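Below are the chains, spelled out letter by letter.
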Amino acid sequence: MKILRELGEFIKMAGGMFRKPENSKMYWKQFMLQCNDIGIGSLGIICIISVFIGAVSTLQTAYQLVSPIIPKTTIAQIVRDTVILEFAPTLSCIVLCGVVGSKIASELGNMRVSEQIDALEIMGINTKGYLVLPKILAGLVTIPLLIMLAMVLGIWGGRLAGTAAGIIDPSIFDTGLVMAFKAYNVYFALIKSFVFAFIITAVPAFYGYNVKGGALEIGHSSTRAVVVSCVLLLLADYILSALLL
Amino acid sequence: MIEIKNLKKSFDDKAVLKGVDVVFDEGKCNLIIGSSGSGKTVLMKCMVGLIKPSSGSVLYDGDDFVSMNDVEKKNIREKIGMLFQGGALFDSQTVEQNVMFPLDMFTSDKYSKKKERVKQVLERVQLKEDAYRKFPSEISGGMQKRVALARAIVLNPKYLFCDEPNSGLDPQTSMVIDKLIQEITQEYNITTIINTHDMNSVMEIGDHITYMHQGEKEWEGNNKEIILSENQKLNDFIFASEFLKDAKRMRTIQETGEIPKDMPAGVKDAIEEKLNVDLDGDGHIGNPSKNKPSSKE
Ligand SMILES: Nc1ncnc2c1ncn2[C@@H]1O[C@H](COP(=O)(O)OP(=O)(O)O)[C@@H](O)[C@H]1O
Ligand SMILES: [Mg+2]
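The rules we used
- Residues numbered from 1 in each chain as written.
- Chains lettered and ligands numbered in written order.
- Predicted model: local features only at pLDDT ≥ 70, side-chain atom pairs only at ≥ 80, totals over all residues.
- Heavy atoms only, no water.
- Helix = DSSP H or I, 4+ residues; strand = E, 2+ residues; numbered from the N terminus.
- Buried < 20%, exposed > 50% of the residue type's maximum accessible area, 1.4 Å probe, protein only.
- Contact = heavy atoms within 4.5 Å.
- Lys, Arg positive; Asp, Glu negative; His and termini not counted.
- Charge placed at Lys NZ, Arg CZ, Asp CG, Glu CD.
- Arc of directions from axis to C-beta.
- Near = heavy atom within 4 Å.
- Polar contact = N/O pair within 3.5 Å; in protein donor to acceptor, adjacent residues only side chain to side chain.
- Areas by Shrake-Rupley, 256 points an atom, 1.4 Å probe, with all protein chains shown as cover.
- Disulfide = S-S within 2.5 Å.
- Pairing = 2+ DSSP bridges.
- Axes fitted to C-alpha atoms, helices over the stretch in contact; angles between N-to-C directions.
- Phe/Tyr/Trp six-rings, centres within 6.5 Å; stacked < 30°, edge-to-face > 60°.
- Patch = residues over 30% accessible without salt bridge, like charges linked within 9 Å, V, L, I, M, F, W, Y side chains within 5 Å.
- Salt bridge = Lys/Arg side-chain N within 4 Å of Asp/Glu carboxyl O.
- Buried area = accessible area lost by both parts, 1.4 Å probe.
- UniProt positions renumbered as here; feature names shortened; annotations may be inferred.
- Left-handed = near helix turned anticlockwise from the far one by under 90°.
- Nonpolar A, V, L, I, M, F, W, Y, C, P; charged D, E, K, R; others polar.
- Core = buried A, V, L, I, M, F, W, Y, C linked by side-chain atoms within 4.5 Å.

Within an unreviewed UniProt entry, the label attached to chain A reads ABC transporter permease, and the organism entered is Niabella pedocola.

Undergrad: Give me the lowdown on the overall build of chain B, citing residues and values where you can.
TA: Scanning chain B from terminus to terminus reveals 11 helices and 10 strands. The dimensions of chain B, computed from C-alpha atoms along their principal axes, are 80 × 50 × 35 Å. Buried residues in chain B amount to 49% of all 297 residues. The contacts of chain B with a sequence gap of at least 6 include a subset with a gap of at least 24, amounting to 60%. Mean positive and mean negative side-chain charge positions of chain B (41 and 48 charges, respectively) differ by 4 Å.

Undergrad: For helix α7 (residues 170–178) of chain A, give the residues involved together with the corresponding values.
TA: All names here are of chain A. Buried within α7 we find Phe173, Gly176 and Leu177. The buried side chains of α7 occupy one side of the element, clustering within an arc of 105 degrees when seen end-on. Looking at the packing, one finds that the buried side of α7 touches α3 (43–64), α4 (73–113) and α6 (127–164).

Undergrad: Explain the site of ligand 1 residue by residue, including any values.
TA: All names here are of chain B. In the vicinity of ligand 1, the contacting residues are Phe11, Lys14, Val16, Ser35, Ser36, Gly37, Ser38, Gly39, Lys40, Thr41 and Val42. A distance of 3.1 Å separates an oxygen atom of ligand 1 from a polar atom in the backbone of Gly39. Contact between ligand 1 and Lys40: an oxygen atom at 2.9 Å from a main-chain N or O atom of the residue. Compared with its free state, where it exposes 560 Å², ligand 1 has 60% of that area covered by protein.

Undergrad: So what about the state of the cysteines? Which residues, and what values?
TA: Under the definition given, this model contains 0 disulfides over all chains. Free of any disulfide, Cys97(A) has its nearest neighbouring cysteine sulfur in Cys230(A), separated by 4.1 Å. A relative accessible area of 0% places Cys97(A) in the buried class. The thiol of Cys162(B) is not disulfide-bonded; the next cysteine sulfur, from Cys29(B), is found 8.2 Å away. Overall, the relative accessible area of 0% leaves Cys162(B) in the buried class.

Undergrad: If you had to explain the sheet that holds strand β9 (residues 208–213) of chain B to someone new, which residues and values would you point to?
TA: Residues and elements named next belong to chain B. Pairing is mixed in the open sheet, where 6 strands are placed in the order β6-β7-β8-β3-β9-β10. If you trace the sheet from one side to the other, it starts and ends with β6 (80–83) and β10 (216–221), each paired once. Here the average twist between neighbouring strands, direction ignored, is 20 degrees. Both strand β7 (residues 159–163) and strand β8 (residues 191–196) contribute to a ladder of 5 bridges, which runs parallel.

Undergrad: Please set out the packing of aromatic side chains residue by residue, giving values where relevant.
TA: What describes a pair of aromatic rings is the distance from one ring centre to the other and the angle between the planes of the rings. Under the definition given, this model contains 10 aromatic pairs over all chains. When the centroid spacing of 5.9 Å and the interplanar angle of 65 degrees are considered together, the rings of Tyr130(A) and Phe101(B) count as edge-to-face. Within this pair, whereas Tyr130(A) is found in helix α6, its partner Phe101(B) is found in helix α3 (residues 95–106), the two belonging to separate chains. Considered together, Tyr130(A) and Phe101(B) belong to a single accessibility category, that of buried residues. Cluster of aromatic residues (ring-pair linked, three or more members): Phe10(A), Phe198(A), Phe206(A) and Tyr207(A).

Undergrad: If you had to explain a nonpolar patch on the surface to someone new, which residues and values would you point to?
TA: Residues and elements named next belong to chain A. Taken together, the side chains of Leu232, Leu235, Tyr238, Ile239 and Leu243 define a hydrophobic patch exposed on the protein surface, amounting to about 540 Å² of accessible area. Along the chain, Leu232 falls in helix α9 (residues 215–244). A relative accessible area of 34% places Leu232 in the partly exposed class.

Undergrad: Lay out the interface of chain B and chain A in plain terms, naming residues and giving numbers.
TA: Contact residues are listed per partner, giving 23 residues for chain B and 20 residues for chain A. Taking both sides of the interface into account, the surface hidden between chain B and chain A amounts to around 1,800 Å²; carbon and sulfur atoms contribute 62%. Its largest share of buried area at the contact with chain A, chain B owes to Lys74(B), Arg77(B) and Met105(B), together 29% of the area lost on that side. On the surface where chain B and chain A come into contact, there are 5 salt bridges. When the shortest N-O distance is used, the salt bridge between Glu22(A) and Lys74(B) registers 2.8 Å.

Undergrad: Please provide a residue-by-residue account of the UniProt feature "transmembrane region" (unreviewed entry) in chain A, values included.
TA: When the UniProt feature table is mapped to this numbering, "transmembrane region" (unreviewed entry) covers residues 38–63, 136–156, 186–209 and 221–244 of chain A. Helix makes up 85% of residues 38–63 of chain A and strand 0%, whereas the separation of the span's terminal C-alpha atoms amounts to 37 Å.

Undergrad: Lay out the packing of α3(A) against α4(A) in plain terms, naming residues and giving numbers.
TA: Residues and elements named next belong to chain A. Where α3 meets α4, the axes come as close as 9 Å, and the angle between the chain directions of the two elements is 145 degrees. When you trace α3 past α4, the crossing you get is right-handed. Contacts between α3 and α4 pair Ile45, Ile46, Ile49, Ile53, Gly54, Ser57, Thr58, Thr61 and Ala62 from the former with Ile75, Ile78, Val79, Val83, Phe87, Leu91, Ser92, Val95, Leu96 and Val99 from the latter. Along the lines of polarity and charge, the residues of the contact of α3 with α4 split into 14 nonpolar, 5 polar and no charged.

Undergrad: Kindly report on the nonpolar core, identifying the contributing residues and their values.
TA: By size, the foremost hydrophobic cluster in this structure holds 63 residues, and its most contacted members are Leu120(A), Ile125(A), Tyr130(A), Val132(A), Ile143(A), Ile200(A) and Phe101(B). Formed by 46 residues, the second largest nonpolar core is a distinct cluster that contains Val121(B), Ala131(B), Ile190(B) and Trp219(B).

Undergrad: A description of the pattern of salt bridges should follow, citing residues and the corresponding values.
TA: Within the structure shown, the criterion is met by 28 salt bridges over all chains. Note that Arg5(A) and Glu9(A) form a salt bridge whose closest N and O atoms lie 3.8 Å from each other. Taken together, the positions of Arg5(A) and Glu9(A), both in helix α1 (residues 2–17) and 4 residues apart, correspond to about one turn of that helix. Residue classification places Arg5(A) among the exposed residues on the basis of a relative accessible area of 54%. Taking the relative accessible area as the measure of exposure, Glu9(A) reaches 36% and is therefore partly exposed. In this structure, Glu218(B) engages Lys233(B) in a salt bridge whose closest nitrogen and oxygen atoms are separated by 3.8 Å. Residue Glu218(B) is found in strand β10, and its partner Lys233(B) is found in helix α8 (residues 232–238); the two are separated by 15 residues along the sequence. What makes Glu218(B) partly exposed here is its relative accessible area of 27%. On the basis of relative accessibility, which here comes to 39%, the residue Lys233(B) falls in the partly exposed class. A cluster of three or more residues bridged by salt bridges with shared partners is formed by Asp37(A), Lys103(A), Glu107(A) and Lys135(A).

See the structure below:
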């Protein structure tokens, strides 16, 4: 019941976002600020995660493929496909749910509770358009870029770990990388990352924007935002995989 | 001028405003007073459209705000400045950026011109230049209120709303803020509406006072009339303040020449000594035991 009511409120909020900006320069500035916050802000964590995930998947794949009949290039293929299809988009986005999601929810929640949103409204500014929309758009632009970076770094991490552990020669890894490569996998991952980007930004923005009460409620709403967006993200992951693969 | 007519607001089935009619004149500090929970904030938020009233109308110079469309509302809002209870400064921006924000949003002036205007209003609220680059979290509550006031008036509003402008401030800083609001109101002929439960402000700047009690207008008048009012609920509210009780006692002494029974002994003695008369007719002036020279000295 609660979810249905929230969905209704969410649609209402989304409808209110699209009005003519009071001053497009200020909206653009806000958009760039959010790109910086979301994109550059999560760059470090995405780099670390993707390198390690790639490295671990090489080691584990090698550990599971003990048969001498299977060529070593297969390791590279498996690492490549799991990183592109699942690890880079989904795992990074789950982490972004926490990093970006809680930031958006608590920032907007704080603005709501301390009446900053009311102050903007009084000035005659459409706060849904000025505060929420730029966050969603910035997510849609920067998160797919982060995911692409995560793919590259993940595979590179895998290659590094394979070499360092003496499991697979870099040249053999590289040969494996281009074998039976399907560009469709990358498109699929990109489609996923756009959907995830929307969930990661819109859900916490909704919870933050609609906080009622005080500091305690800001905490509650940002927890709820992270939980709901993680669940929605996994659900979307499943649905997209079922539909598109 | 703002006129509210039969304004009602209920949350679910709890009536918070039960049909309020008031006229707020321009160039005056219009105070709305009442104890916590009497509906002052809800009334103010209904007037500026942050809360939608259940029924009734809010007329800005004759035009009904409640029934306006979004564009018309926006036009009115550009003429409204509001000072929020907590200041509501944008905490990611410096003092200067906070005040410049409305200019950035609604004017196409050059940076130098905007900067000039910002400096002008910050000086108007007596903020020193070394605070301009600070963030709201780095300045005191009184300074935050002043910055918020500067931001509220930077676009020369026709209507100024202040929700508890001196809550959380010491009496001296409160007075400074009150005086500022009063001066600005008179200087620019603004229709100013102030929510407060601070009796200091009421006596100091109350050109027009509306007393709210449980969602209804209970009394209306100015700061000269208020302490003589016979309204029991209003009296209960204002004479909770000790200094107003004193004011009323002084008036009783002045008018009847009798000392009120509830006068604290210390105050009575002090007045007797000052006026050099035996007000309570006990045969001596002031406190005789205190005036006797102490044997130990
Ligand atoms: N959004 C709301 N939902 C439900 N009740 C509210 C809401 N806002 C205010 N109230 C109730 O309205 C009454 C008046 O509140 P308010 O106007 O804030 O009082 P005050 O005079 O102290 O400013 C209070 O009893 C409060 O509980
Ligand atoms: Mg209040």
